[in-house]
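Observations on chain architecture
Okay, here's what each chain looks like letter by letter:
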Amino acid sequence: MPTKSTPAGDHGELVYQCRLPLSTQTLRYLTGLLSAHLKKIRSRWRKLPAGRIAVIVLGALRHDQRLADPAGGNLISRTTVDRWLKELIDLLAARAPRLERVLAKIPPVRVAASCCSTGR
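Note that this is a predicted model, so its numbers are computed, not measured. (Residues numbered from 1 in each chain as written. Predicted model: local features only at pLDDT ≥ 70, side-chain atom pairs only at ≥ 80, totals over all residues. Heavy atoms only, no water.)

1. Thoughts on the packing of helix 1 (residues 24-40) against helix 2 (residues 50-63)
Going by this rule: For every element, the axis is a line fit to its C-alpha atoms; helices are fit only across the contacting stretch, and the angle between N-to-C directions ranges from 0 to 180 degrees. Secondary structure counts use DSSP, requiring at least four H or I residues in a row for a helix and at least two E residues in a row for a strand, with both numbered from the N terminus. Here is the rule for angles: anything less than 35 degrees is roughly parallel, anything more than 145 is roughly antiparallel, 65 through 115 is roughly perpendicular, and the remaining ranges are oblique. With the far helix as reference, a near helix turned anticlockwise by less than a right angle produces a left-handed crossing, and one turned clockwise produces a right-handed crossing. Whether two residues are in contact is decided by their heavy atoms, any of which lying within 4.5 Å being enough. Classification convention: Asp, Glu, Lys, Arg as charged; Ala, Val, Leu, Ile, Met, Phe, Trp, Tyr, Cys, Pro as nonpolar; all other residues, Gly among them, as polar.
For the pair helix 1 and helix 2, interaxial distance at closest approach is 9 Å and the crossing angle is 120°. Comparing the axis directions of helix 1 and helix 2 gives the class oblique. Crossing of helix 1 against helix 2: the hand is right-handed. Of helix 2, the residues touching helix 1 (which contributes Thr26, Leu27, Leu30, Thr31, Leu34 and Ser35) are Ala50, Gly51, Ile53, Ala54, Val55 and Leu58. When its residues are assigned to classes, the contact of helix 1 with helix 2 shows eight nonpolar, four polar and no charged.

2. As for helix 1
The line we're drawing: What a helix should span is 1.5 Å times the count of its residues minus one. Accessibility here uses a 1.4 Å probe with only protein chains present; expressed as a share of the type maximum, an area under 20% marks a residue as buried, one over 50% as exposed, and anything in between as partly exposed. The directions from the helix axis to the C-beta atoms are what the arc is built from.
For helix 1, spanning 17 residues, the distance from its first C-alpha to its last is 24 Å, which sits close to the expected 24 Å at 1.5 Å a residue. All of the buried residues along helix 1 are Leu30, Thr31, Leu33, Leu34, His37 and Leu38. Projection of helix 1 onto a plane perpendicular to its axis shows the buried side chains occupying an angular sector of 160°, all on one side. Facing away from the buried side of helix 1 by more than 90 degrees, the exposed set consists of Thr24, Gln25, Arg28, Lys39 and Lys40. Contact partners of the buried residues in helix 1: helix 2 and helix 4 (78-95). Phi turns positive one or two residues past the end of helix 1, at Arg42, with a value near 60°.

3. Looking at the pattern of salt bridges
Basically, it comes down to this: When a carboxyl oxygen of Asp or Glu is within 4 Å of a side-chain nitrogen of Lys or Arg, the pair counts as a salt bridge.
Summed over all chains, the structure comprises two salt bridges. When the shortest N-O distance is used, the salt bridge between Arg46 and Glu87 registers 2.9 Å. Taken together, the positions of Arg46 in the loop between helix 1 and helix 2 and Glu87 in helix 4 put the pair 41 residues apart, joining distant regions of the chain. A salt bridge links Asp82 to Lys86; the nearest nitrogen and oxygen atoms lie 3.2 Å apart. On the criterion of helical spacing, the pair formed by Asp82 and Lys86 is a turn pair, its members being four residues apart in helix 4.

4. Examining the side chain of Asn74
Within the secondary structure, Asn74 sits in the loop between helix 3 (68-73) and helix 4. Under the relative-accessibility criterion, Asn74 is labelled buried at 19%. Beyond its immediate stretch of four places on either side in the chain, Asn74 contacts Leu48, Arg52 and Ile56.

5. Quick notes on the nonpolar core
Note the following rule: Grouping buried Ala, Val, Leu, Ile, Met, Phe, Trp, Tyr and Cys residues that are joined through side-chain atoms within 4.5 Å yields what is termed a nonpolar core.
Counting residues in hydrophobic clusters, the biggest one holds 20 residues, and the most contacted among them are Leu34, Ile76 and Trp84. If you list the elements that add at least two residues to this core, you get helix 1, helix 2 and helix 4. With seven residues, helix 2 is the largest single contributor of residues to this core.

The structure is reproduced here in structure tokens:
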């Protein structure tokens, strides 16, 4: 029986898809945040629209997968996904309240003296 040394079938890139439980509100928030940032820095174009970028970044964060996996499935490079990931994290961090502001809003805790004394 003769053997063949050529691969069987198409041996292109494998793409895997998964369902990502996201609220529409989360996706719209990130898309709006990224769109406003792109307008602010006067970015002319991106390989993908802001909504797709947000989904790819959220998928990479949620599933903790290698950045090459979502990159290959969307025909972009791993370094592009890495750059988008860092960019969205920076945008979210800039919107987050600072620790000292949050701590200033917390009322001081008062401990009653009677709870700690033994009464002897």
